[in-house]
Amino acid sequence: MSRETQTIESTDGIKLDARIFRPPTQEENPIPNPNPEPESEDEGSLAIVLVHPYSVLGGCQGLMKGIALGLARRGFHAVTFDMRGVGKSSGRSSLTGSSEVRDVVSVCKWVAQNFSVRRILLVGSSAGAPIAGSAVDQLDEVVGYVSLGYPFGLTASILFGGHHKAILQSPKPKLFVMGTRDGFTSVKQLQNKLKSAAGRVETHLIEGVSHFQMEGPDYDAQMVDLIVRFIRSLSNSASPVALDQLADE
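Not measured: the values here are computed from a predicted model. (Residues numbered from 1 in each chain as written. Predicted model: local features only at pLDDT ≥ 70, side-chain atom pairs only at ≥ 80, totals over all residues. Heavy atoms only, no water.)

Engineer: Looking at this structure, I do not really get the pattern of salt bridges. What am I missing?
Structural biologist: Counting across every chain of the model gives nine salt bridges. Two residues, E9 and K15, come together in a salt bridge whose shortest N-O distance is 3.9 Å. Of the residues examined, E9 reaches a relative accessible area of 49% and is grouped as partly exposed. A relative accessible area of 40% places K15 in the partly exposed class. In this structure, the salt-bridge partner of R19 is D17, at a minimum N-O distance of 2.9 Å. For the residue pair R19 and D17, the accessibility class agrees, reading buried in each case. Residues joined in a network through salt bridges with shared partners are D12, R84, R102 and D103. (Salt bridge = Lys/Arg side-chain N within 4 Å of Asp/Glu carboxyl O. Buried < 20%, exposed > 50% of the residue type's maximum accessible area, 1.4 Å probe, protein only.)

Structure below.
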């Protein structure tokens, strides 16, 4: 498995520091995998772009490294990047994440142009979830969306409420993962928001877990499993999953 650094220019000239995580080659992993992944050529044509938590509170691409590494080991190209004003990326962070949507769109366009992939899955963590959600319908290559701890709560909505409409009205498949003790969004608030969501909507509730616990490395492997399972379901035309159907026991 390889990791490389790339500078990607945003639509307004901002320079974004990105990391590309590629699956291991046969030479790097000569031991045959009894369950090779991706399982199909269609899966192999998909890359994952991960959007980190709130820049203003110290969010950076390093927080997505564990998930990106796990996805690469499972056979997928994964891309993390620092949004504007973070790390080595130029520019300034915005309070509402409105400018950062351009960063997400630019990285996805770069991936579509430089990888041999036809499809992109957007994954956003915490404040990265609403930012990524606003980019979903701006790109034909994006075929699905995963939110890890979307801040739908009343206080968080002061900052990120302007992003809600875009993802809730998107017809593209969506998965919302949240801990039942999330301090920014209650299970009831999540349910109420998703009642109006268009298209296929799934949720996965992690019992007894808080917002920042779920962001920690202890849950990276579980996030990878959920993302891979969602990718494999994208070709499934089954009806949307009920809000409590995927909840952990």
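Picking up where we left off.
Engineer: Explain the packing of aromatic side chains here, please?
Structural biologist: Here a ring pair, both rings aromatic, is described through the centre-centre distance and the interplanar angle of the planes. Considering all chains together, one arrives at seven aromatic pairs under this definition. Between the aromatic rings of Y145 and F176, the centroid separation amounts to 5.9 Å while the plane-to-plane angle is 65°, which identifies the pairing as edge-to-face. Of this pair, Y145 sits in strand β6 (residues 142-148) while F176 sits in strand β7 (residues 174-181); the two residues are 31 residues apart in sequence, bridging distant segments of the chain. F176 shares its class with Y145; the two are buried. Centroid distance Y150 to F152: 4.0 Å. Interplanar angle 15°. Geometry classified as stacked. (Phe/Tyr/Trp six-rings, centres within 6.5 Å; stacked < 30°, edge-to-face > 60°. Helix = DSSP H or I, 4+ residues; strand = E, 2+ residues; numbered from the N terminus.)

Engineer: Explanation requested: the pairing of β6 in the structure shown.
Structural biologist: Put simply, side chains in a regular strand alternate between the two faces of the sheet. The buried fraction of β6 is high, at six of seven residues. Bridge count between strand β5 (residues 119-125) and β6: six bridges; the pairing is parallel. Bridge assignment links I120 to a residue of β6, and that residue is V142. Each parallel crossover has a hand, and the one from β5 via helix α4 (residues 128-135) to β6 is right-handed. Sheet topology note: the β6/β7 ladder contains four bridges and is parallel. For L148, the partnering residue across the bridge sits in β7 and is V177. (Pairing = 2+ DSSP bridges. Right-handed = clockwise from strand over helix to strand, strands pointing away.)

Engineer: What am I meant to see in empty space enclosed by the protein here?
Structural biologist: If a probe the size of a water molecule is rolled over the atoms, the empty space left behind becomes visible. Taken as a whole and judged by the stated rule, the model has one cavity of 30 Å³ or more. In this structure, the largest cavity spans a volume of roughly 80 Å³. Lining of the largest cavity is provided by P53, L63, M64, I67, S125, L148, M214, E215, D220 and M223. Listing elements by their share of the lining of the largest cavity, those giving two or more residues are α7 (211-215) and α8 (220-233). Split into classes, the residues belonging to the lining of the largest cavity amount to seven nonpolar, one polar and two charged. (1 Å grid on protein atoms, 1.4 Å probe; cavity = no way out; pocket = protein on both sides within 12 Å on 5 of 7 lines; lining within 4 Å. Points joined across faces, edges and corners; volume = space filled by probe spheres on them. Nonpolar A, V, L, I, M, F, W, Y, C, P; charged D, E, K, R; others polar.)

Engineer: So what exactly am I meant to see when it comes to the layout of surface pockets here?
Structural biologist: Quantified by volume, the largest pocket comes out at close to 280 Å³. Taken together, the elements giving at least two residues each to the lining of the largest pocket come down to α5 (154-169) and α7. Considering each element in turn, the lining of the largest pocket owes the most residues, four residues, to α5. Residues of the lining of the largest pocket, tallied by class, amount to eleven nonpolar, six polar and one charged.

Engineer: How should I be thinking about α4 in this particular structure?
Structural biologist: Note on helix geometry: an α-helix contains 3.6 residues per turn, so any two residues three or four positions apart are oriented the same way. α4 sits mainly inside the fold: eight of its eight residues count as buried. Among all positions of α4, only G128, A129, P130, I131, A132, G133, S134 and A135 are buried. Buried residues along α4 sit against β3 (46-51), α3 (100-114), β5, β6 and α5. (Contact = heavy atoms within 4.5 Å.)

Engineer: Teacher, can you tell me more about the environment of Q213 here?
Structural biologist: You can see Q213 is positioned in helix α7. Residue classification places Q213 among the partly exposed residues on the basis of a relative accessible area of 41%. Ignoring sequence-local partners within four residues, the contact set of Q213 consists of G208 and Y219. Within the structure, Q213 has its side chain in polar contact with the backbone nitrogen of S210 (distance 2.9 Å). (Polar contact = N/O pair within 3.5 Å; in protein donor to acceptor, adjacent residues only side chain to side chain.)

Engineer: Got a minute to help me understand the packing of α4 against α5 in this structure?
Structural biologist: Put simply, α4 and α5 touch, their axes get as near as 8 Å, and they point 45° apart. In terms of axis orientation, α4 runs oblique to α5. Every pair of crossing elements has a handedness; the one defined by α4 and α5 is left-handed. Between α4 and α5, the contacting residues are P130, I131, G133 and S134 on the first element and F160, H163, A166 and I167 on the second. (Axes fitted to C-alpha atoms, helices over the stretch in contact; angles between N-to-C directions. Parallel < 35°, antiparallel > 145°, perpendicular 65-115°, else oblique. Left-handed = near helix turned anticlockwise from the far one by under 90°.)

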